[in-house]
Amino acid sequence: MRILVSNDDGYLAPGLAALVEACRGLGEIDVVAPEQNSSGTSNALTLQRPLSVWTAANGYRYLNGTPSDCVHVALTGLLEQRPDLVVSGINNGANMGDDTLYSGTVAAAMEGYLFGVPSIAFSLAEKGWKHLDSAAQVARRLIAQVVEQPPAAGPWLLNVNIPDRPHDALLPIRTTRLGRRHASEPVIRQSNPRGEPIYWIGAAGNAREAGEGTDFHAVAQGHVSVTPLQVDLTDHGALPAWSAWLHRDAGAAR
Ligand code: MN
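Trainee: Is there a simple way to think about the packing of helix H1 (residues 14-23) against helix H4 (residues 132-148) in this case?
Mentor: The relative placement of two packed helices comes down to the angle between their axes together with the axis-to-axis distance. Their axes nearest at 9 Å, the elements H1 and H4 cross at an angle of 40°. Considering the angle they form, H1 stands oblique to H4. Crossing geometry of H1 relative to H4 is assigned as right-handed. From H1, Pro-14, Gly-15, Ala-18, Leu-19, Glu-21, Ala-22 and Cys-23 reach across to H4, where they touch Leu-132, Ala-136, Ala-139, Arg-140 and Ile-143. Looking at side-chain class alone, the contact of H1 with H4 contains nine nonpolar, one polar and two charged residues.

Trainee: I would appreciate a short explanation of the coordination of the manganese ion in the present structure.
Mentor: Around a metal, the idealised angle for a tetrahedral arrangement of four donor atoms is 109.5 degrees; for an octahedral arrangement of six donor atoms it is 90 or 180 degrees. Surrounding the manganese ion are the protein donor atoms Asp-8 (OD), Asp-9 (OD), Ser-39 (OG) and Asn-91 (OD1), at 2.1 to 2.3 Å. Each donor residue of the manganese ion belongs to the same chain, with the gaps between them written as D-D-x29-S-x51-N. Separated by 31 residues along the polypeptide, Asp-8 in the loop between strand E1 (2-6) and H1 and Ser-39 in the loop between strand E2 (28-34) and strand E3 (53-55) bring together distant segments of the chain. Overall, the relative accessible area of 2% leaves Asp-8 in the buried class.

Trainee: I would appreciate a short explanation of the side chain of Thr-176 in the present structure.
Mentor: Mapped onto the elements of the fold, Thr-176 is located in the loop between strand E8 (171-175) and strand E9 (180-181). Polar contacts involving the side chain of Thr-176 include one to the side chain of Ser-225, which spans 2.8 Å. Polar contacts involving the side chain of Thr-176 include one to the side chain of Thr-227, which spans 2.6 Å. Sequence-distant contacts of Thr-176, defined by excluding residues within four places in its chain, comprise Gly-213, Thr-214, Asp-215, Ala-218, Ser-225, Val-226, Thr-227 and Pro-228.

Trainee: Explanation requested: the packing of helix H2 (residues 67-78) against helix H3 (residues 104-114) in the structure shown.
Mentor: Running from N to C, H2 and H3 point in directions that differ by 20°, and their axes come no closer than 8 Å. Classified by the angle between their axes, H2 and H3 sit roughly parallel to one another. Crossing geometry of H2 relative to H3 is assigned as right-handed. For the pair H2 and H3, contact is made by Pro-67, Ser-68, Val-71, His-72 and Leu-75 and by Gly-104, Ala-107, Ala-108, Glu-111 and Gly-112, respectively. Tallied by class, the residues present in the contact of H2 with H3 amount to five nonpolar, four polar and one charged.

Scoring rules and cut-offs
Residues numbered from 1 in each chain as written. Predicted model: local features only at pLDDT ≥ 70, side-chain atom pairs only at ≥ 80, totals over all residues. Heavy atoms only, no water. Axes fitted to C-alpha atoms, helices over the stretch in contact; angles between N-to-C directions. Helix = DSSP H or I, 4+ residues; strand = E, 2+ residues; numbered from the N terminus. Parallel < 35°, antiparallel > 145°, perpendicular 65-115°, else oblique. Left-handed = near helix turned anticlockwise from the far one by under 90°. Contact = heavy atoms within 4.5 Å. Nonpolar A, V, L, I, M, F, W, Y, C, P; charged D, E, K, R; others polar. Donors = N, O, S within 2.8 Å, 3.2 Å for Na, K, Ca; no water. Buried < 20%, exposed > 50% of the residue type's maximum accessible area, 1.4 Å probe, protein only. Polar contact = N/O pair within 3.5 Å; in protein donor to acceptor, adjacent residues only side chain to side chain.

Following this line, the structure appears as structure tokens:
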């Protein structure tokens, strides 16, 4: 069993060290993580400049790119052996609902999935690493279960969010669907010291669909949320309606 560990908060993040420790004894571990905090970079790949890889004193490798770069480079040229599992995290903050589209944590796992490797993203639901140890225990239990009782043939991609609570206050795992958010808050406009306008991206919107069965709901109740993800963005249900609209006047709409 070989496990590739990455994240989006950077190779110095406490959540990465916690996830590496959670994997100890479960397989051969490789760590490839971004040099800098790359939260919110989604699935970006760095195409306009080359990437360099360094090895830290603790053996972690880090590169000057995105989370997707890390897993991409690891899988396609850096690692001598292909991993059996990619894990990403443990993120500093939740990745639920529509946020998963922007998440670098999810993206690192998704890059593994896109290359056919089973992958799991782990996030601690509040920022600040308060109960990182309990999130690490959850991660270890889940990874151990994957090792001991492999799920159905992969690849597969799981998004795990862990409430920020002491371990004995966590409720059992719930399998969930992604909730939805309202559009984010407006940008915050300020002036730089030269008097020119600058803009800060606003906060995420509040939950819009957070009912029973969603990741938002499970985590709010204190359950560990596990959402199986897929990548196909096609709106399959809308195909017939769009097809009818596009061809409503066959011959004219060419
Ligand atoms: Mn992050």
